[in-house]
Amino acid sequence: GGWVRSVATYGRLREILASAALPDLPSGVGASDEELVAWFEGHLTKVSQHFEGREGSSLLEFALEEGDEAIQRKLEDFLGVPMDWGCYNVTTWA
């Protein structure tokens, strides 16, 4: 998906994730797309559960595939201020 492609093409991020010892992603795991997606989806679930039902806290969720305009609108609605959202990093697939 888009997130895996973004990680894979953003410098050494893929290598860093696969070699780091992160919660639920031990060193050496995450080199395959399947491992990385499983960890990412598990992480999303944990974060969502953390915020679920917590009074006074909120979580903004969006996917890169939604596109810049939709993400910008979500950010502006969430923060209540105008945002300048776009692509400011260079990847190898763009």
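Residues numbered from 1 in each chain as written. Predicted model: local features only at pLDDT ≥ 70, side-chain atom pairs only at ≥ 80, totals over all residues. Heavy atoms only, no water.

A.B. asks: Tell me about a nonpolar patch on the surface, and name the residues and values.
C.D. replies: Together, Phe78, Leu79 and Val81 make up an exposed nonpolar region whose accessible area comes to about 250 Å². Assignment of secondary structure puts leucine 79 in helix α4 (residues 68-79). Overall, leucine 79 belongs to the partly exposed group, its relative accessible area being 47%. (Patch = residues over 30% accessible without salt bridge, like charges linked within 9 Å, V, L, I, M, F, W, Y side chains within 5 Å. Areas by Shrake-Rupley, 256 points an atom, 1.4 Å probe, with all protein chains shown as cover. Salt bridge = Lys/Arg side-chain N within 4 Å of Asp/Glu carboxyl O. Helix = DSSP H or I, 4+ residues; strand = E, 2+ residues; numbered from the N terminus. Buried < 20%, exposed > 50% of the residue type's maximum accessible area, 1.4 Å probe, protein only.)

A.B. asks: Give a description of the side chain of arginine 14 that names residues and reports values.
C.D. replies: Residue placement: arginine 14 occurs in helix α2 (residues 13-19). In this structure, arginine 14 is in contact with Val4, Val7, Ala8, Gly30, Ala31, Ser32, Asp33 and Leu36, ignoring residues within four places of it in sequence. (Contact = heavy atoms within 4.5 Å.)

A.B. asks: How would you summarise the nonpolar core if you had to cite specific residues and measurements?
C.D. replies: The biggest cluster of nonpolar side chains holds 5 residues, and these are Val7, Leu17, Leu25, Leu36 and Trp39. Each residue touching leucine 36, except ones within four places of it in the same chain, is listed here: Trp3, Val7, Arg14, Leu17 and Gly30. (Core = buried A, V, L, I, M, F, W, Y, C linked by side-chain atoms within 4.5 Å.)

A.B. asks: Tell me about the packing of aromatic side chains, and please be specific about residues and values.
C.D. replies: Within the structure shown, the criterion is met by 3 aromatic pairs. Here tryptophan 3 and tryptophan 39 contribute two aromatic rings whose centre-to-centre distance is 6.5 Å and whose plane-to-plane angle is 40°, an arrangement assigned as tilted. Of this pair, tryptophan 3 sits in helix α1 (residues 2-9) while tryptophan 39 is found in helix α3 (residues 33-51), placing the two residues 36 residues apart along the sequence. In this structure tryptophan 39 comes out as buried when scored by relative accessible area, which is 15%. A centroid spacing of 5.7 Å and a plane angle of 80° characterise the contact between phenylalanine 62 and tryptophan 85, whose relative ring orientation is edge-to-face. Within this pair, whereas phenylalanine 62 is found in the loop between α3 and α4, its partner tryptophan 85 is found in the segment after α4, the two being separated by 23 residues in sequence. Among the aromatic side chains, those forming a connected cluster through ring pairs are Trp3, Trp39 and Phe40. (Phe/Tyr/Trp six-rings, centres within 6.5 Å; stacked < 30°, edge-to-face > 60°.)

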